[in-house]
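Listed below, chain by chain, are the residues.
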Amino acid sequence: MSNLKKINSALISVYYKDNLEPVIKKLNELGVTIYSTGGTQTFIEKLGAPVKSVEGLTSFPEILGGRVKTLHPKIFGGILGRRELDADVAQMEQHEIPNIDLVIVDLYPFEETLASGASEEDIIEKIDIGGISLIRAAAKNFNDVVIVSSRNDYSSLLNLLNEKNGFSDISDRKTYAAKAFAMSSYYDTAIFNYFNATEQLPILRNSINNGSALRYGENPHQKGVFYGDMEAMFEKLNGKELSYNNLLDVDAAVNLIADFIEEPTFAILKHNNACGIASRPKLADAYKDALAGDPVSAFGGILISNTEIDFETAEEIHKLFCEVVIAPSYSANALAILKTKNNRIILVQKPLELPQKQIRTLLNGIVEQDRDSVSETNSNLQTVTNVAPTEAQIKDLLFANKLAKHTKSNTVVLAKNNQLLASGTGQTSRVDALKQAIVKAENFGFDLKGAVMASDAFFPFADCVEIAHKVGIDTVIQPGGSIKDKDSIEYCNEKGMSMVFTGTRHFKH
């Protein structure tokens, strides 16, 4: 224990007073002089603890509707004064500035006010000035001062006061200082992003308070941490902790299923790609047909439903080894059977809007882009061949196109009757992607006659539509936009195939 210092005086000014009472009582028991202001002072007085007003110390009242309370040399001098520097000590004595050894301050609820839909005037008034200044000053002078900048640290402060009888050492103070600067940085980031939503300056600020260490990263020799509020998105009902690779697959699954809202849909994913998905009036049938798409890859996969999982579906799922099951809800008897596997991760997906920006590290920097939120409908389709697709074919085309959007490029997706038959994923050639999908579909016994083909990007040549036609595929959806679109269109017309353009490319890397 080094640089041990006693807490003789404290400044307390907080918005949130939850769990503050035990701290006040302990400080009073230790004989600590407490300075406070406004509602916090009233709160302390009601507890029966002696408290001195900030106004009494500064001889200056709160002004400007409370905008200026603690911004005064007698406050900041007491916090920033270096106890071991003779010049500082002399100046403080000259100006009758008392040392302040503990600062307990939190910040106005800016984010909460913003989220409530408040007016701009109310939002601006929740930009804290005095609090953030006190936090930074106390954190800067961690050699002498303890700074508690969040109600989440009241319990740890109470433990410190009890265990060390009102003293702190340098490691305590430095830890609290680090937390204080994290709080300050997070708060300023939220304010900047509020202003930049309209100003659109080419500046990136991102700050996340919640970090959870993972067992490891993508591989055992890599460290991994998840930054975010997982509990806001999911309720975990069973199983071990999610791994780095689980999180990647869960992210892919959540984004995929969000595009399927018309009828019960079940998807199975492996390595961020769907290996099976189907939409059916009955969820159990959707699961069975999704599994049929690739029962081999489904082993150890991530399963997701867009509707409540019932007992019949759960019975089928239980026959398969899978890492994670995700749904908006589960019937009681479905949950009972799924939970019999202790390590099976069961998640309830809560309603939550996903971020509209995507961020990725790249080279020595970061790239940001808008989320691909385009999901084509019938109105987006342009028939470019003599033969137009039927209503049933259009339904399959849109189904396949959604899958192509969420599959690693280059990809070609084959589907029929709202069921994934096969996809070619992550290939360097679109022809190779198609050939991979055909071989896979045939290996699992699917008849490709009457199936549709979707591509995430345009066909630069007619080779893909030619290969597709030879195995019985006669309906195609693609973005279009190649200088050789005409070649594919002419081949389709010659063979009586139908093809539609969407005008939107869906690369995914």
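The structure this text deals with has already been given above.
The present account deals with the structure reproduced in this document. Just so we're clear, the structure is a prediction, and the values are computed from it rather than from any experiment. (Residues numbered from 1 in each chain as written. Predicted model: local features only at pLDDT ≥ 70, side-chain atom pairs only at ≥ 80, totals over all residues. Heavy atoms only, no water.)

This paragraph deals with unusual backbone geometry. With omega at -10°, the peptide bond leading from Ser409 into Asn410 counts as cis. Within the secondary structure layout, Asn410 lies in the loop between helix H16 (391-405) and strand S19 (412-415). One non-glycine residue, Asn19, lies in the positive phi region at around 65°. Within the element layout of this structure, Asn19 appears in the loop between strand S2 (9-13) and helix H1 (21-29). (Helix = DSSP H or I, 4+ residues; strand = E, 2+ residues; numbered from the N terminus.)

Moving on to the nonpolar core. The biggest cluster of nonpolar side chains holds 51 residues, and the ones touching the most others in it are Ile12, Leu27, Ile79, Leu102, Val103, Ile104 and Leu157. It is helix H10 (residues 170-199) that provides the largest number of residues to this core, a total of 7 residues. Beyond its immediate sequence surroundings of up to four residues, Ile104 is in contact with Leu11, Ile12, Ser13, Val14, Val23, Leu27, Val148, Tyr154 and Leu157. Grouped together as the second largest cluster of nonpolar side chains are 38 residues, Phe234, Leu247, Leu269 and Leu381 included. (Core = buried A, V, L, I, M, F, W, Y, C linked by side-chain atoms within 4.5 Å. Buried < 20%, exposed > 50% of the residue type's maximum accessible area, 1.4 Å probe, protein only. Contact = heavy atoms within 4.5 Å.)

Moving on: the packing of helix H18 (residues 463-470) against helix H19 (residues 485-495). When two helices pack together, their arrangement is captured by the angle between the axes and the distance separating the axes. The N-to-C vectors of H18 and H19 enclose an angle of 25°; their axes lie 8 Å apart at closest approach. Taken together, H18 and H19 sit at an angle that is classed as roughly parallel. Judged by the sense of rotation from one axis to the other, the crossing of H18 with H19 is right-handed. Between H18, through Val465, Glu466 and His469, and H19, the contact on the second element is made entirely by Ser488, Tyr491, Cys492 and Lys495. For the contact of H18 with H19, the per-class residue count stands at 3 nonpolar, 2 polar and 2 charged. (Axes fitted to C-alpha atoms, helices over the stretch in contact; angles between N-to-C directions. Parallel < 35°, antiparallel > 145°, perpendicular 65-115°, else oblique. Left-handed = near helix turned anticlockwise from the far one by under 90°. Nonpolar A, V, L, I, M, F, W, Y, C, P; charged D, E, K, R; others polar.)

For the rest of this paragraph, the subject is H16. An ideal rise of 1.5 Å per residue puts 21 Å on 15 residues; H16 measures up with 21 Å between its terminal C-alpha atoms. Counting buried positions over the 15 residues of H16 gives 12, a clear majority of the element. All buried positions along H16 are accounted for by Gln393, Ile394, Asp396, Leu397, Leu398, Phe399, Ala400, Asn401, Lys402, Leu403, Ala404 and Lys405. (Expected span 1.5 Å × (residues − 1).)

On to the side chain of Ser9. Take Ser9: it is sitting in strand S2. Of the residues examined, Ser9 reaches a relative accessible area of 6% and is grouped as buried. Sequence-distant contacts of Ser9, defined by excluding residues within four places in its chain, comprise Val32, Thr33, Tyr35, Asn99, Ile100, Asp101 and Leu102.

By themselves, these observations are geometric and do not establish any function.
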